[in-house]
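# Descriptive structure summary
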Amino acid sequence: MAAFVIGCSTSPKETSTVRNSKETPTVRFGSYIDAAGNAVSGKSDQATFEFENPSASLVICTFHQPGGPRDMITGGPRDALISIQPNSTNRVVLRVGQTNAETLSVKVMRVVSSRELSVPVP
């Protein structure tokens with residue numbers, strides 16, 4: 001996998017990418033939302049994001065969710081995983097916690113090869 005690290009600004013409509021290219025995935029902050037999914041003017045613990053993949057490869061994104069779900073085994077924070085099909089855009093709602101951060105961390109990985117396995121189940 002090839003990896004890009006993208007810093008996503010919490011300012012609406014700002015996009016951050018590693019380089020300016022038609023092949024580079026982008027992440028855009030949409031808006032903070034309430035529990036019913038309605039946009040709110042202030043900060044909230046969840047927000048909408050748009051993940052765009054203009055390339056011909058599958059892209060996997062990891063998003064660190066401050067105050068998000070905890071891993072059942074380690075008890076540590078669990079990142080959200082978002083897959084983006086080639087030449088497509090996904091709009092998602094993610095928990096961002098009650099953060100005062102100006103940016104949120106997103107890691108984008110382009111799948112350059114893959115292998116399908118069969119796993120026996122007892």
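Analysis parameters
Residues numbered from 1 in each chain as written. Predicted model: local features only at pLDDT ≥ 70, side-chain atom pairs only at ≥ 80, totals over all residues. Heavy atoms only, no water. Phe/Tyr/Trp six-rings, centres within 6.5 Å; stacked < 30°, edge-to-face > 60°. Buried < 20%, exposed > 50% of the residue type's maximum accessible area, 1.4 Å probe, protein only. Helix = DSSP H or I, 4+ residues; strand = E, 2+ residues; numbered from the N terminus. Salt bridge = Lys/Arg side-chain N within 4 Å of Asp/Glu carboxyl O. pLDDT = per-residue confidence, 0-100. Contact = heavy atoms within 4.5 Å. Pairing = 2+ DSSP bridges.

With the rule as written, the count across this model stands at 3 aromatic pairs. Ring plane angle 65 degrees and centroid distance 5.1 Å describe the contact between Phe-29 and Tyr-32, whose orientation is recorded as edge-to-face. You'll find Phe-29 and Tyr-32 in the same group, each marked buried. Ring geometry for Phe-29 against Phe-49: centres 5.4 Å apart, planes inclined by 85 degrees, an arrangement best described as edge-to-face. Within this pair, whereas Phe-29 is found in strand E3 (residues 26–33), its partner Phe-49 is found in strand E4 (residues 46–53), the two being separated by 20 residues in sequence. Phe-29 sits in the buried class, given a relative accessible area of 2%. Judged by relative accessible area, Phe-49 falls into the buried class, the value being 2%. Three or more aromatic residues joined by ring pairs make a cluster, and in this case those are Phe-29, Tyr-32, Phe-49 and Phe-63.

The subject of this paragraph is the pattern of salt bridges. Within the structure shown, the criterion is met by 4 salt bridges. Between Glu-50 and Arg-91 there is a salt bridge, with the nearest N and O atoms lying 2.9 Å from each other. Here Arg-91 lies in strand E7 (residues 88–95) and Glu-50 lies in strand E4, a separation of 41 residues in the sequence. Residue classification places Arg-91 among the exposed positions, given a relative accessible area of 66%.

As a further point, take the confidence of the model for the protein. Residue-level pLDDT values for the protein average 77, and 76% of them are 70 or greater. The model gives residues 1–20 a pLDDT under 50, and that stretch makes 65 contacts with residues more than four places away or in other chains.

Direction of pairing for E3 relative to E4: antiparallel, over a ladder of 6 bridges. Across the sheet, Phe-29 pairs through a bridge with Phe-49, a residue of E4. The pairing of E4 with E7 spans 8 bridges and is classified as antiparallel. Across the sheet, residue Phe-49 finds its bridge partner in E7, namely Val-92.

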